[in-house]
Amino acid sequence: MDGLQSIVTDLNTLIPIINHWLHLLSAVIWIGGLAFLVMAVTPGLRKAVSKEQIKPITDAFYQHYKKVAGILLIVLLFTGGINFHYVNQAITLQTGSGIQNHAKYLTVFFIKLFLVLCLLTLFLYTVLFKSDDAEEEGGESYEAIPFQRAALWIGIFILLCAAAMKHLHQ
């Protein structure tokens, strides 16, 4: 019980824990929602609904999802920056030098950052430039979230990078 009480009362321990939890929670909600759309909603609609009804239904999903995804991406970017700060502190305490001297960690970090930027680009492209040209496409190729499969794969690789980063600084 004393261990739990010391964690709760020590803000230097509590803030990084809560920040990392928010970061992980946001990633789980975002990737889980996207995976659900890719693996269940889109194929289910293709089988259960006529082609004329797919677009209005998927557009309703998309309108809600893009708001949630936008908020989650902002939370992920903000909490990721804070996580980077605390990892730098931990590496400095462990090795005596900062994160700038930890080549493996930085390599994986920059790969992850590149993937996040790709994902952010896909998200902003679909939010800003989503057109009604999709109406002309057949109902079979219409997706609830444009580029949803690409975004899911990018998200999976971002999680792989996050797992590698977690173990590279311990």
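Structure first, text after, so check above.
Please read all numbers here as calculations on a predicted model, not as lab measurements.

Novice: Mind showing me how you'd approach the overall build of the chain here?
Specialist: Scanning the chain from terminus to terminus reveals five helices and zero strands. In the chain, which comprises 170 residues, the share counted as buried stands at 35%. Taking as baseline every contact in the chain between residues at least 6 positions apart, the subset at least 24 positions apart corresponds to 77%. With the model as given, the accessible surface of the chain reaches about 10,600 Å², and the carbon-plus-sulfur share is 70%.

Novice: Just to check I follow, could you spell out the layout of surface pockets for this structure?
Specialist: Once rolled over the atoms, a probe with the size of a water molecule shows which space is left empty. One number sums up the size of the largest pocket: a volume of about 750 Å³. Its residues assigned to classes, the lining of the largest pocket shows 23 nonpolar, six polar and two charged.

Novice: Just checking my understanding: could you explain the nonpolar core for this structure?
Specialist: Nonpolar side chains in soluble globular proteins tend to be buried together. Core analysis: the biggest nonpolar cluster contains 34 residues, and Trp30 and Leu119 have the highest contact counts within it. Put simply, the parts of the chain that give this core at least two residues each are helix H2 (11-48), helix H3 (51-95), helix H4 (103-129) and helix H5 (148-168). The contact partners of Leu119, leaving out residues within four places of it in the chain, are Trp30, Leu73, Ala151, Ile154 and Ile158.

Novice: Sorry, what's going on with H5 here?
Specialist: Given 3.6 residues per turn, any residue in an α-helix points the same way as the ones three and four places further on. Over its 21 residues, H5 runs 30 Å from end to end, which matches the ideal 30 Å to within 8%, given 1.5 Å per residue. Those residues of H5 that sit buried are Gln148, Ala151, Leu152, Ile154, Gly155, Ile158, Cys161 and Met165.

Novice: Quick question: what am I supposed to make of the packing of aromatic side chains here?
Specialist: Any pair of aromatic rings gets described here by the distance separating the centres and the angle formed by the planes. Following the criterion strictly, the structure yields four aromatic pairs and no others. A ring pair is formed by Tyr125 and Phe147, whose centres lie 6.0 Å apart and whose planes are at 55°; its orientation type is tilted. Placement of the pair is Tyr125 in helix H4 and Phe147 in the loop between H4 and H5, with a sequence separation of 22 residues. Three or more aromatic residues joined by ring pairs form one cluster here, namely Phe84, Phe109 and Phe110.

Cut-offs applied
Each chain carries its own residue numbering, running from 1 in the direction its sequence is written. Per-residue local features of the predicted model are confined to residues with pLDDT of at least 70, and side-chain atom pairs are confined, for both listing and counting, to 80 or more; whole-chain, interface and lining totals are unaffected and use all residues. The basis for the side-chain values is all heavy atoms of the structure; hydrogens and waters are excluded. Runs of E in the DSSP output that reach at least two residues are strands. Runs of H or I that reach at least four are helices, and both are numbered from the N terminus. Only protein chains enter the calculation, and the probe is 1.4 Å; a residue is then buried if its accessible area is under 20% of its type maximum, exposed if over 50%, and partly exposed in between. Between two residues, a contact is recorded if the distance between any of their heavy atoms is within 4.5 Å. To be clear on the numbers: accessible area is Shrake-Rupley with a 1.4 Å probe, and residue cover counts the displayed protein chains and nothing else. Think of a 1 Å grid over the protein atoms and nothing else: a 1.4 Å probe that fits but is trapped marks a cavity, an open set flanked by protein within 12 Å on at least five of seven lines marks a pocket, and residues with an atom within 4 Å of a point count as lining. Grid points are joined across faces, edges and corners, and a volume is the space filled by probe spheres set on the points. Charged means Asp, Glu, Lys or Arg here, nonpolar means Ala, Val, Leu, Ile, Met, Phe, Trp, Tyr, Cys or Pro, and polar covers whatever is left, Gly included. Buried residues of nine kinds, namely Ala, Val, Leu, Ile, Met, Phe, Trp, Tyr and Cys, make up a nonpolar core once their side-chain atoms join them within 4.5 Å. Expected helix span is taken as 1.5 Å per residue step, with the number of steps being one fewer than the number of residues. A pair of aromatic rings is counted whenever rings of Phe, Tyr or Trp (Trp by its six-membered ring) have centres within 6.5 Å, and the orientation is called stacked for planes under 30 degrees apart, edge-to-face for over 60 and tilted otherwise.

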